[in-house]
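Next come the chains, spelled out residue by residue.
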Amino acid sequence: MIVNADTLIILDFETTGLSPDMGDRAIEIGAVKIENGKITGRFQELMHPGRRVSGFIADYTGITNTMLEKAAPCEEVMHRFADFIQGYNLVAHNASFDKRFLDAELTRIGRGYDGEFSCSLLVARRIFQDAPSHKLGELINYTNIPSDGGFHRALFDSEMTTKLWLVMLEEMKSRYNLAYIPFPLILKLAKTPKKSVDTFLRRYQQG
DNA sequence: TGCCAGGCCCTCTTTAGGGCCTT
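So, here's what we can say about the structure. None of these values were measured; they are calculated from a predicted model.

Another aspect to go through is unusual backbone geometry. Notably, Asn36 is not glycine yet its phi reads approximately 50°, a positive angle. Tracing the chain through its elements places Asn36 in the loop between strand E2 (26-35) and strand E3 (38-46). Its identity as a non-glycine residue notwithstanding, Asn94 has a phi of 65°, on the positive side. For Asn94, the location among the structural elements is in the loop between strand E4 (89-92) and helix H4 (95-108). Of the residues examined, Asn94 reaches a relative accessible area of 34% and is grouped as partly exposed.

Here it is, written out as structure tokens:
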């Protein structure tokens, strides 16, 4: 049951690779809870995936095998994370990726979630159609959000995604003179053809 | 050690192919 449709969990996984179907596992989860546009909670934990991470992943994330040796196993961390997200809608940058890992890790422990997933990448492609790139880091630069550039850790990336999300909401509000943008509208926006986004939001604006 | 996937989106499209994005 959704507690509050406008309280969101914005999350980011670091993983051993790209595909849980190929045996990849989560190694870190970071998430931010936002209520009424304000951060009211955070979650970040490393987790031991039961295998070693490659040199590429250690370089990419800064998460080493030594760091993971001390971490709780995925199963234990994901129980805590399942509690954290219960009752809230979810957002991630390129959500199809994070959703695959969330679903895979929660299925392993017999847990689930009831929120709906929206994707800041799909929204950004519609709201900032002229951006040269829709990578998270590039969008942070494009929107002039201050950043020290320390990407690819789970909490940092979820904080940056949160800032981007809030900037996109403000951009929609000011561009279309809207007081409030409900989450279900964003779910529909993310599926609207790019060419039709302006028409879609103007229709909503007119009620 | 090196490799792997999948959804979205565009176009020289839909009987397909390739770039973008995520680790």
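Anyway, onward from the coordinates.
With that settled, consider the sheet that holds strand E5 (residues 117-119). An order of E3-E2-E1-E4-E5 is seen for the five strands of this open sheet, with the pairing classed as mixed. What marks the edges here is a single partner per strand, and that holds for E3 and E5. Here the strands of the sheet are splayed against their neighbours by 25° on average, with no regard to which way each runs. Taken together, the three bridges between strand E1 (residues 8-15) and E4 define a ladder with parallel strand orientation.

The next point concerns the protein's contact with DNA strand B. Neighbouring DNA strand B are 28 residues, the closest being Glu14, Tyr60, Arg126, His134 and Leu136. For DNA strand B, the fraction of atoms within 4 Å of the protein that belong to sugar or phosphate moieties is 62%. Take Tyr60: an N or O atom from its side chain is 3.0 Å from a phosphate oxygen of DNA strand B. One of the side-chain N or O atoms of Arg126 is found 2.4 Å from a phosphate oxygen in DNA strand B. Within the residue set of the surface near DNA strand B, elements represented by two or more residues are E1, helix H1 (55-61), H4 and helix H5 (120-127). A class-by-class count of the residues in the surface near DNA strand B yields ten nonpolar, nine polar and nine charged.

About the thresholds
- Residues numbered from 1 in each chain as written.
- Chains lettered and ligands numbered in written order.
- Predicted model: local features only at pLDDT ≥ 70, side-chain atom pairs only at ≥ 80, totals over all residues.
- Heavy atoms only, no water.
- Helix = DSSP H or I, 4+ residues; strand = E, 2+ residues; numbered from the N terminus.
- Buried < 20%, exposed > 50% of the residue type's maximum accessible area, 1.4 Å probe, protein only.
- Pairing = 2+ DSSP bridges.
- Axes fitted to C-alpha atoms, helices over the stretch in contact; angles between N-to-C directions.
- Near = heavy atom within 4 Å.
- Polar contact = N/O pair within 3.5 Å; in protein donor to acceptor, adjacent residues only side chain to side chain.
- Nonpolar A, V, L, I, M, F, W, Y, C, P; charged D, E, K, R; others polar.

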